[in-house]
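Structure assessment
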Amino acid sequence: MDKSTVALRTEAAEGAPALLLRAWAPRDIPQLVEAHRDAELRRWITTLVHDEESAARWVQDQRSGWDSGERIAFAVVEPAAADGGETVVGHVVLKRTGTATSAEVGYWTAAAARGRAVAPRALRALTDWAFTVLDLTRLDLLHRTDNAASCRVAEKAGYRLEAVLPAAPPAFPETGHLHTRAAEPPAP
Ligand SMILES: CC(C)(COP(=O)(O)OP(=O)(O)OC[C@H]1O[C@@H](n2cnc3c(N)ncnc32)[C@H](O)[C@@H]1OP(=O)(O)O)[C@@H](O)C(=O)NCCC(=O)NCCS
């Protein structure tokens, strides 16, 4: 898939503009480093960047993921301001899990943009695109049970709670939630 041509758009939210989802690019590195300085993000996300060098590697990994089709990641941005600069407000990703028809989703929102439904709006746009353009039929979303904000994102994006997963330390020290969304069957 050509990462340079895919752009998804969300609706606006109360007091917040519509969002654009497009492939991560090297120009995002400074804002990515800044977003990853946040302790809350570092608490819940496993693959972190620490500086410009690790951020550059991470961006390159996301771009390679598009080329292989294994990992389709979007920077979530607010439209260009008068000075022409975009603000990166989040990240959503679709990870292929070895089946032809399903995948797993993930997301984070930069600290300054939280509470404006960035993640649920971006996740809904990604989900619709995955069902209609990629023809996937099921998407899974996993989060730690104690991550209440992430659970709200799942609910607001229409992902039904499917199962409570047992802890499996050391990788998964807490119980988890598996949420799932299925594509609507085609009209008869
Ligand atoms: C979870 C997360 C993605 C939510 O993103 P968001 O764009 O703020 O989403 P929303 O605005 O819909 O808020 C979701 C919930 O976050 C909480 N929240 C709201 N404002 C918040 C703020 N300023 N700071 C922290 N949490 C806030 C609320 O519980 C909200 O639920 P509500 O709408 O029922 O009140 C974001 O908090 C985040 O990036 N957390 C760290 C990374 C993470 O946990 N990723 C998911 C891993 S599975």
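The rules behind the values
- Residues numbered from 1 in each chain as written.
- Predicted model: local features only at pLDDT ≥ 70, side-chain atom pairs only at ≥ 80, totals over all residues.
- Buried ≥ 20, exposed ≤ 12 C-beta atoms within 10 Å, placed from the backbone.
- Helix = DSSP H or I, 4+ residues; strand = E, 2+ residues; numbered from the N terminus.
- Arc of directions from axis to C-beta.
- Contact = placed C-beta atoms within 7 Å.
- Near = placed C-beta within 6 Å.
- Nonpolar A, V, L, I, M, F, W, Y, C, P; charged D, E, K, R; others polar.

Let's shift gears to helix H5 (residues 148-156). Of the residues making up H5, those classed as buried are Ser150, Val153 and Ala154. Down the axis of H5, the smallest arc covering the buried residues is 100°, so these residues share one side. Buried-residue contacts for H5 involve strand E5 (102-109), helix H4 (118-132), strand E6 (138-144) and strand E8 (176-182). Immediately beyond the C-terminal end of H5, within one or two residues, lies Gly158, with a positive phi of roughly 80°.

Once that is clear, we can look at the site of the ligand. Not every one of the 22 residues close to the ligand is listed here, only the nearest: Trp44, Arg114, Gly115, Ala119 and Ala149. At 6 residues, H5 tops the list of elements feeding residues into the shell around the ligand. Here the shell around the ligand is built from residues that sort into 12 nonpolar, 5 polar and 5 charged.

Residue Pro170 is reached from Pro169 by a cis peptide bond, and omega for that bond is 5°. Examined against the element boundaries, Pro170 turns out to sit in the loop between strand E7 (160-165) and E8. The phi torsion at Ala117 lies on the positive side, around 55°, for a residue other than glycine. Assignment of secondary structure puts Ala117 in the loop between E5 and H4. The phi angle at Asp135 is positive, at roughly 65°, despite the residue not being glycine. Residue position: Asp135 is located in the loop between H4 and E6. Owing to 10 C-beta atoms within 10 Å, Asp135 belongs among the exposed residues under this scheme.

Purely spatial values, then, with no claim about function.
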